[in-house]
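Architecture at a glance
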Amino acid sequence: GGQFDNIYLHPECTTATLENLFEDVDAYLNINYGDIDEAILRRMEQLKKPIFSFYATHKGKVDQYLFLRKEIEKLEDAIRLFSEIGANRFSQSFKQEEIFDISVMTIDETLDELLATEKSLIRFGDGEFNLMTGNSIAYQEYQEDLAQEMREILLHADKQDNVLICLPEIFEVFKGNFLQNKDSEHFWKQEMDYHGRFFKEICQAKEYGSTWISRFYIDNKDKSLATIQFEKIKALFADKDILIVEGATTRSGVGNDLFDDVKSIKRIICPSHHAFSKVDAIQQAILDHAQGRLILLMLGPTAKILSYRLSRLGYRALDLGHIDPEYEWMKMGAETRVQLKHKHTAEFNFDQGIEFIEDEDYNSQIVADLSK
């Protein structure tokens, strides 16, 4: 800590010495990753002293000037300007860039929209963001044509009348109105910081549905709404003939009552990993069996592509990935992610230790198996 004589570290300050520091400093850098006493931020706000933060390290409900870690030079420029012109002129002249000026519907608004219309559904989450920015994920290797097709879907989200395109409800995290738990909040701040420019450039629509409509239990702080929300989900396919398109280990609805209200089920089984390599064959199998059926897709990033293509061909396709483990967790009252013994579990991406239960109903529903 000896390099700069005008920067103070205060790991063990008394309240009195801390108050002296508040009076002496001109600004506060809120850039460490650990927790911080929000009272410190509130005191700086009372003293009308600016707080500079990264999106990844932002804490509390106090107004802060926010920057992307990849663009640390912009933070440096802002501090330099502040030191040159002083607090009053800085607050008048410096405009916070709105990187995340993005509006996302609530889970219930999204479900109600799907119940009131015949729209298809495409949900984008962290896996898709990583692929679109050039990285592989556990169950889908990076392929440029996959990434490009997803980018095109997102870029033209506002032009899709018959498709509801969804993003996670993460943009409230900087206003202190975040639905999910602390671990999720920390994760999404990091993701948003990393993908900031991507969101700015690609997400141009006025409003999106909520990606969390099939992920509203395990990470939510308030789990009491999940029962009613699952009733709405079930109403989407009640009394319908459905076609489930899923990975070999997904086995949606097996061992639970998720699909007890449907008229009939057909299933197309796909590879659990890197399904995009067979996307055209999967699409053809769907077209062979889709007549008169609502199509439900649980197939990672490949589900986005298929849902979009199928909607263009006049079918209704709902991308409802992870719905089954979330339903299982809700039924067992789980507080943390419990690995399911007999099928795929969300976030347990390598499917180790699964022991399939022989299920005659499940086997009889399979009309095509492309998993080999």
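Structural data are supplied above this passage.
Here's a quick rundown of the structure. Counting from 1, residues in each chain are numbered in the order their sequence is written. Given that this is a predicted model, residues contribute local features only at a pLDDT of at least 70 and side-chain atom pairs are listed and counted only at 80 or more, while totals for whole chains, interfaces and linings are drawn from all residues. Each side-chain value is derived from all of the structure's non-hydrogen atoms; neither hydrogens nor water enter the calculation.

**Quick look at the pattern of salt bridges**
Salt bridge criterion: a side-chain nitrogen from Lys or Arg within 4 Å of a carboxyl oxygen from Asp or Glu. Throughout the structure, instances matching the rule amount to 30 salt bridges. The salt bridge partner of Arg-43 is Glu-23, with a shortest N-O separation of 3.8 Å. Placement of the pair is Arg-43 in helix H2 (residues 38-46) and Glu-23 in helix H1 (residues 15-24), with a sequence separation of 20 residues. According to the relative accessible area criterion, Arg-43 is partly exposed, its value standing at 22%. Helix and strand definitions here come from DSSP, where helices need a minimum of 4 consecutive H or I residues and strands a minimum of 2 consecutive E residues; each element is numbered from the N-terminal end. For every residue, the accessible area (1.4 Å probe, protein chains only) is compared with the maximum for its type, and the residue is labelled buried under 20%, exposed over 50%, or partly exposed between those bounds.

**Quick word on a negative patch on the surface**
Patches in this entry comprise residues that are over 30% relatively accessible and not in a salt bridge; like charges within 9 Å are linked, as are nonpolar side chains (Val, Leu, Ile, Met, Phe, Trp, Tyr) within 5 Å. Surface exposure here means Shrake-Rupley accessible area, sampled with a 1.4 Å probe, where a residue is shielded only by the protein chains that are shown. In this tally, Lys and Arg are treated as positive and Asp and Glu as negative; His is ignored, and so are the chain termini. To locate a charge, take atom NZ for lysine, CZ for arginine, CG for aspartate or CD for glutamate. Together, Glu-231, Asp-239, Asp-260 and Asp-261 make up a negatively charged patch on the protein surface. Here Asp-260 is to be found in the loop between strand S7 (241-247) and strand S8 (264-270).

**So, the sheet that holds strand S3 (residues 65-67)**
Pairing between two strands is assigned when DSSP locates at least 2 bridges connecting them. Read across the sheet, three strands follow the order S1-S2-S3 without closing on themselves; strand pairing throughout is parallel. Two strands close off the open sheet at either side, each with one partner strand: strand S1 (28-30) and S3. In this sheet, neighbouring strand axes are inclined to one another by 25° on average, regardless of whether the strands run parallel or antiparallel. The pairing of strand S2 (residues 51-54) with S3 spans three bridges and is classified as parallel. Opposite Phe-52, over in S3, you have Tyr-65 as the bridge partner. Sitting on the sheet, helix H3 (residues 72-93) touches S1, S2 and S3, and the angle it makes with S2 is about 165°. A fitted line through C-alpha atoms serves as each axis, taken over the contacting stretch for helices, and the angle formed by two N-to-C directions is quoted from 0 to 180°. The contact rule is simple, with two residues in contact once any of their heavy atoms fall within 4.5 Å.

**Points about helix H9 (residues 226-237)**
Between the first and last C-alpha of H9 there are 17 Å, a value that for twelve residues agrees with the 16 Å anticipated at 1.5 Å per step. Those residues of H9 lying buried are Ala-226, Gln-229, Phe-230, Lys-232, Ile-233, Lys-234, Leu-236 and Phe-237. Against the buried residues of H9 lie helix H4 (107-116), S7, strand S9 (294-298), strand S10 (317-319) and helix H12 (323-332). One or two positions beyond H9, positive phi appears at Asp-239, with a value near 65°. One less than the number of residues in a helix, times 1.5 Å, gives the span that helix is expected to have.

Remember, this is a structural readout, not a statement about activity or role.
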